[in-house]
Amino acid sequence: MNPFEMVVAIIVIVTIGSVLKARYGIHKDKHGNEIFRGGDMASSDAAKLRDEVRALKDRVQVLERVITDSEASSLRLDREIEALRDKQNP
């Protein structure tokens, strides 16, 4: 393979790689890190997933608080639950 053919082959390979990156939404940020930016459908799905993860994190925090509460606060919680039940059933 002569040098001219090698240069052409390298250019073709780099061009194909750039086209594939653009096709799949991979771009570089200002620090040179490659990031994935999908189309509109992917961003709406990502937003839904972010909201779901946020809601799940909130629920886990509540569960952790309930589990790690002291005995006095768990008694208070029991009283609050009973008060809510009493309000529900007249």
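Residues numbered from 1 in each chain as written. Predicted model: local features only at pLDDT ≥ 70, side-chain atom pairs only at ≥ 80, totals over all residues. Heavy atoms only, no water.

1. Remarks on a nonpolar patch on the surface
Rule in force here: To count toward a patch, a residue needs a relative accessible area above 30% and no salt bridge. Like charges then connect within 9 Å, nonpolar side chains (Val, Leu, Ile, Met, Phe, Trp, Tyr) within 5 Å. Each accessible area is a Shrake-Rupley estimate made with a 1.4 Å probe; only the visible protein chains count as cover when residues are assessed. By salt bridge we mean one thing: a side-chain nitrogen of Lys or Arg within 4 Å of a carboxyl oxygen of Asp or Glu. The secondary structure listing takes helices from DSSP runs of H or I that are at least 4 residues long and strands from runs of E that are at least 2 residues long, numbered from the N terminus.
On the surface, a cluster of nonpolar side chains totalling about 670 Å² of accessible area is made up of Phe4, Val8, Val12, Ile16, Leu20, Tyr24 and Ile26. Considering every element that reaches the nonpolar patch, the biggest residue donor is helix H1 (residues 3-23), with 5 residues. Mapped onto the elements, Phe4 comes out in helix H1.

2. So, the environment of Lys21
The line we're drawing: Pairs of residues are marked as contacts when any of their non-hydrogen atoms sit within 4.5 Å.
Tracing the backbone shows Lys21 in helix H1. Separated by 13 residues in the primary sequence, Lys21 and Glu34 have C-alpha atoms spaced 9.7 Å apart. Setting aside its immediate chain neighbours within four residues, Lys21 contacts Ile26 and Glu34.

None of this, on its own, says anything about what the molecule does.
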